[in-house]
Structure formats: C-alpha cells, structure tokens
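So the chains spell out like this:
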Amino acid sequence: MCGIVGYVGPRPVADVLLDGLERLEYRGYDSAGLALGRSGALGVFKTDGRLRDLREMVDASGANVGAGHTRWATHGRPSILNAHPHLDCHGQVAVVHNGIIENYVQLREELTDQGHRFLSETDTEVIPHLVEEYYQGDLPEAVARALQDVQGSLAIVVLHAEHPDMLVVARRDSPLIIGLGQGENYVASDIPALLPYTRDVHVMENGEMAVLTQEGVKLTDWSGREIKMNPYRVNWDPAQAEKEGYEHFMLKEIHEQPRAIEDTLKGKIKGSQVVFDSLDLPVDRFNKIVILGCGTAWHAGLMGRKYIEALAKIPVEVDIASEFRYRDPMVDEGTLTIVISQSGETADTLGAMREAQRRGSRILAITNVVGSTVSREADDVIYTRAGPEIAVASTKAYMTQLVCLLLLALYLAQRRGAVDEGAAAEVLDALRGLPDQVREALKTNGKVEDLAQRLQKEQHVFFIGRGLDYPLAMEAALKLKEVSYIHAQPYPAGEMKHGTLALVVEGLPIVAIATQSALREKMLNNIKEVKARGADVVVIAPEGDDLDEVGEAVHIPRTMDLLMPLLSAVPCQLLAYHTARIKGCDVDKPRNLAKSVTVE
Ligand code: F6R
C-alpha cells in the first residue's frame, strides 16, 4: 500500500519523483523518502512528515536516476529511520519496497552474524544488505540472487552508486507498473503516478524483474531469462487524476459520478438486452453466487445480493474477504464467485478469490483497474469505468460498482428467463436516466452542508434504513467514520427495538434513509420510535414524500426502488465530506488509512 515511483531519464529526477509521489500519497503517507543516483554516491533524503517537507530538503543536482516512496507503516512505526529508501552498510545500495518480507527476522539474524549493521525496525532493510552481500559488479545479478532468499510479497526498486544509469525492479504479489517513454523510463506502484508522462505501460507479472535505463527496458524472470514485454495503452485521461479546481479529490470524485455512470453504462445496454463484451457465463451451471469484497466493496456486494436475488432469483451469500478465507467456505463448481475491488490489489480480496478458485468456483471480477491482479487472475472481468479514484474514501467507484451489479443481475435474469421484458425495460430506462438524476441529487449540497455544520460537534451518529436502505446506511456510516472520525453506527431500522433503542437519548442525531416505497409505513413507525425517545432525525427521502412530521427531510429525485440507493448515496457522501472538511480533517488522506490495502 506504500507508493513507489522510479525514473531514469533527462528530466529533473527529483521533480518527477516528487510529482509522482504526490499522486500516490493516497497509498500511504506516514513518511516519505527518495534516493537519487549520481556518479559514485547516492543522495538519500527522508522525512517523517509529508511530501512538502521532503521537497524542501532535496538536493537534486547531478542525478538522472532515482526512486521515491511514501510509506504506510506495517513493520516499525513511522519515523525517519523506518522511512524508505533503506540502505546497505556502506550507503551504496538503496531499496524502496512495498509488501512484506515474511522471513525477515531470520534473514536479519543471519546478516547480522555476517557483520551487517541494521538501523531500522523494518522488514525491507534486509534487501539492500542481501544485495550488498551478493554484489560483485553486476547489479541485476545481485538483485536476482537476493530475491531467491526472500519470502513474502514485494515490489522493489533498487539503485546502486556504481550504476547511476540504471534501476533494477522486481515484483511478487505487490503491483508494479513500468511506464515506457522515449529516451526515458518509469516505474510506479500505481498508474496515476505515470499519467502526466506516459500512458504506455507494462504491468509486471509475479516473478518478473526488469532493468530500466534511458535506452530501454530489459524484462526477465528472476533467473535472468528474457521475457517479451506486453505493453498496452492506458485509456485514463491524465486530467482525471488532477483536482481540477475542487478543494479535495473526494468532492471532485463525488461530482464525477454522473460521468462515471455514463462511462460504465456505455456499450452494456443494446436495445432491451444487457451485454458484456467477452462475457459468456454458463448461467445455468450456478446454483449459488458468493460475493466477496472489503469495506465499501463489501457494502456494494450487500446491495448486489438484493439485486441478484430480486431479479435473477439465484441465492446469494456475501462475505467479507478476510473472513471468507478462514471459514472453510462451501464453494464449488456450482458457485459463481463475484469479487469486487476498486483497486484490484486488496490482499484480503485476492486471498479470498484464490481460495474460491482453488475450490473450483468460476470467478467474475468487478474492478476499476485494467491490468490489476484481480483482473488478471479472474476468469471474467467487468470493469467499472470510474476513472482513477484518488481520495482514500471511495465514492465514484462504489457508485459504479452498484451500476455493474445491477446490470449483472439483469444479465443473469435475462439469460435465465427470470425477468419479463417489461420489468427489464423498466430497470434499463431507470438506469439510462440515472446520470441526470445523480446530477439533481448533487443539488442537495447546500442543505447537506448545513447539516454537516450541526453534525461536526457530535460524537455519535446513527444511520437507519430498511431493505435496500440498510446496506446504504452501512456505507454512509463508514464514509462518515473514515473521513470525519465521528463514531457512526448503521442499524436495520426494524432491529432497533431489539436492543439498540436503549442507546437513543435526547438529541442523538439519526439519519434515516427512507426510500423504499414498500417499506415506507414500517420505516415511518421506526422513525417515530426513535423520535419519541428524543432523537434528532434527518430523513433522506424521495421528492414529494413529505416527512416533515418525523424529521427534517433531504429530498432526492425519485426513481424505481431498486435504484434509490444510488441517489441517496449522494447526500450521504456529501454529508461525510462536509463534516470532515468543517472539522478540519485531512479529507483525502484520513489518518491510519491507505487507498490500496496490499497487506492482510
Ligand atoms: C472505504 C474504502 C475501503 C475500500 C476497501 C477495499 O471508503 O475505500 O473500504 O473499499 O479497502 O478496497 P478495494 O475496492 O480497492 O479492494
């Protein structure tokens, strides 16, 4: 989950690295550092602060190769000593690393016995010492030998003072992408770092390493056998990775949702049919569907269950990826496993996917990143076309995951003959109208900002809903928690009276999501129950539904019940955003979190 950038070429190296790291700060931001290769000596700069601190201390003169890193701490607290790059005993070898070296304790003991001196508490530091141990003038050879000794996941970039024209990079289970230029080359842990410079990339496979020079890239396996590169052109627009006048990426991404939905829908509806290019599922083979994901992706999965059961009439289980793997899951050839992951690199999700695969299940991935590990290992892929999501808190990716799940539910239903033409046409019409309705829902911004002013002083907030509004309440609560640090708890509204009502006291803020027409009366009763105990209720409801008697209302456009959560998500996201902003929180980079969680 750390961010890595490497560059070799004629541009000012430190600027390219710092610019790339800034674009990757969402991957981790506990500390940062970079190494610059100059003839005979490496320049190494580190900070336990933010990138702006690093920028001020770097002396960039004379370098034409370098690597940088932003860290999300796993082994060892955030500090200058633990920040990357890590060095060997003589400051000749510098390494930046993403991943976890599982056998580092043993390697560290062995290297210490051989006389190596360690300065940090990190697992990474064994790598430069191993390279030092094996180095006899040939850097790629020394790195390849060091790689034979380490177990665990890694994406690394290695520099050596005697080779100020070269980067050696390698990958196993942590993403690393080579960016191809003219007379210059790049490497990064994530595509947005490369977008201003090149869109021609090779996504490294596990077990690949490469030597990058100005002249070119030599790709090999870890035993030195040459491999042909497999470059492709990224279709993300570089501007999508810029704030474009918005104060934060989160706000920009909330506003990008109408466009993201349009892009995601493109080419997937033909006449009255849902079509996915290159997807040909043997739908009759499946007697069960399992959906896996973490955090927001899991919440999307909970919504997906309701869509698939309602439309395609196939039983669905939804599991948190980190739990699924360890509970001996009942999954086999008759199960379709749907894996949801924005980044396509979440370690828990990958682990769960591989477990389902091992048990014979067919894997269908819903992901936002072309070339990600999930997309490459799954049998089938549906891409959300959200564009790069930079803010740690997921918004447009969640929205497009819901769109894909709804389309998939309809696709399965049509193939199984579980839905009649009229009902399918109604969903498709509603989907076509969704981008404009989301634009309308964004107009709740002013009202939501006022609510956020009130909420920012609170310590606890409840979100309640029934039916489809309950998984949305879960997502709304997660959003508020992660960016504003206010404790937010979602409850199925009908369940309050079985225990949680005991927590309701005078003035407790409750956001009631009440969009499901079939459950309206029941929901109203539940709202009255909390009101009667003094709760301060705000209701999110479709326009025309006058709920003033039970609480202040935020009205969103009306559509069919199935799609209402996609509209109520908008004020919930805005509420989290404004509350965090007013409180002065670091909205795009909430404390302790990172965008792409590549450790278990
Ligand atoms: C919350 C959030 C996380 C991610 C989760 C899975 O706003 O973004 O909960 O949803 O870490 O990430 P992906 O989808 O990349 O697998």
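None of the values given here were measured: they were computed from a predicted structure.

What counts, and at which threshold
- Residues numbered from 1 in each chain as written.
- Predicted model: local features only at pLDDT ≥ 70, side-chain atom pairs only at ≥ 80, totals over all residues.
- Heavy atoms only, no water.
- Salt bridge = Lys/Arg side-chain N within 4 Å of Asp/Glu carboxyl O.
- Buried < 20%, exposed > 50% of the residue type's maximum accessible area, 1.4 Å probe, protein only.
- Helix = DSSP H or I, 4+ residues; strand = E, 2+ residues; numbered from the N terminus.
- Near = heavy atom within 4 Å.
- Polar contact = N/O pair within 3.5 Å; in protein donor to acceptor, adjacent residues only side chain to side chain.
- Areas by Shrake-Rupley, 256 points an atom, 1.4 Å probe, with all protein chains shown as cover.
- Arc of directions from axis to C-beta.
- Contact = heavy atoms within 4.5 Å.
- Pairing = 2+ DSSP bridges.
- Axes fitted to C-alpha atoms, helices over the stretch in contact; angles between N-to-C directions.
- Domains from an automatic or database assignment.
- Parallel < 35°, antiparallel > 145°, perpendicular 65-115°, else oblique.
- Left-handed = near helix turned anticlockwise from the far one by under 90°.
- Nonpolar A, V, L, I, M, F, W, Y, C, P; charged D, E, K, R; others polar.

Here the focus is the pattern of salt bridges. Summed over all chains, the structure comprises 31 salt bridges. The shortest N-O distance in the salt bridge between Lys252 and Glu256 comes to 3.2 Å. According to the relative accessible area criterion, Glu256 is buried, its value standing at 10%. Between Lys288 and Glu317 there is a salt bridge, with its nearest N and O atoms 3.4 Å apart. Placement of Lys288 in strand 17 (residues 288-293) and of Glu317 in strand 18 (residues 316-320) is noted, with a sequence separation of 29 residues between them. On the basis of relative accessible area, Lys288 is assigned to the buried category, the value being 16%. Connected via shared salt-bridge partners are Lys288, Glu317, Asp319 and Arg327.

Moving on: the site of the ligand. Taken together, the neighbourhood of the ligand is formed by 13 residues, with Ser341, Gln342, Ser343, Thr346 and Glu482 sitting nearest. One of the backbone N or O atoms of Gln342 is found 2.6 Å from an oxygen atom in the ligand. Ser343 has a polar side-chain atom sitting 2.7 Å from an oxygen atom of the ligand. In the complex, 89% of the free accessible area of the ligand, which totals 400 Å², lies under the protein chains. Counting only elements with at least two residues in the shell around the ligand, the list comes to helix 8 (295-311) and helix 15 (469-484).

What follows covers helix 7 (residues 257-265). The α-helix advances 3.6 residues per turn, and as a result positions three or four apart in sequence lie on the same side. Among all positions of helix 7, only Gln257, Pro258, Ala260, Ile261, Thr264 and Leu265 are buried. The buried residues of helix 7 occupy one face: seen down the axis, they fall within an arc of 165°. Looking at the buried positions of helix 7, the neighbouring elements they touch are helix 6 (249-255), strand 15 (269-270), strand 21 (380-383), helix 12 (396-416), helix 13 (421-441) and helix 17 (564-583). Looking one or two places after helix 7, you find Gly267, whose phi comes out positive at around 75°.

Structurally, Lys481 is set in helix 15. The exposure class assigned to Lys481 is partly exposed, which follows from its relative accessible area of 31%. Linking Lys481 and Ala576, residues 95 residues apart in sequence, is a C-alpha distance of 7.9 Å. Filtering out sequence-adjacent residues up to four positions away, Lys481 remains in contact with Ile486, His487 and Ala488.

The next point concerns the sheet that holds strand 25 (residues 536-542). On the basis of which strands lie adjacent, the open sheet formed by five strands has the order 23-22-24-25-26 and parallel pairing. Looking at which strands have only one partner, the edges of the open sheet turn out to be strand 23 (487-492) and strand 26 (552-556). Taking each pair of neighbouring strands and ignoring which way they run, the sheet shows an average axis angle of 20°. In the sheet, strand 22 (residues 460-465) pairs with strand 23 via six bridges, with the strands oriented parallel. Bridge assignment links Gly465 to a residue of strand 23, and that residue is Pro492. Those strands touched by helix 15 are strand 22, strand 23 and strand 24 (509-513), and its axis lies near 175° from that of strand 23.

Quick look at the domain arrangement of the protein chain now. Note on interface size: it is often stated as the accessible area lost on association of the parts. Taken domain by domain, the protein chain comprises domain 1 (3-235), domain 2 (241-419) and domain 3 (443-583). Taking the mean C-alpha position of each, domain 2 and domain 3 sit 26 Å from one another. Of the residues lining the interface, 24 residues belong to domain 2; the matching set on domain 3 comes to 21 residues. There are seven residue pairs in polar contact (both at pLDDT 80 or more) connecting domain 2 and domain 3. Elements supplying a minimum of two residues to the side of domain 2 that touches domain 3: helix 6, helix 8 and helix 12.

The geometry of helix 12 relative to helix 13 is characterised by a closest axis approach of 11 Å and an angle of 170° between their N-to-C directions. Classified by the interaxial angle, the pair formed by helix 12 and helix 13 is roughly antiparallel. The handedness of the crossing between helix 12 and helix 13 is left-handed. Between helix 12, through Met399, Val403, Leu406, Leu407, Leu410 and Gln414, and helix 13, the contact on the second element is made entirely by Ala424, Val427, Leu428, Leu431, Leu434 and Val438. Of the residues assigned to the contact of helix 12 with helix 13, the class counts are 11 nonpolar, one polar and no charged.

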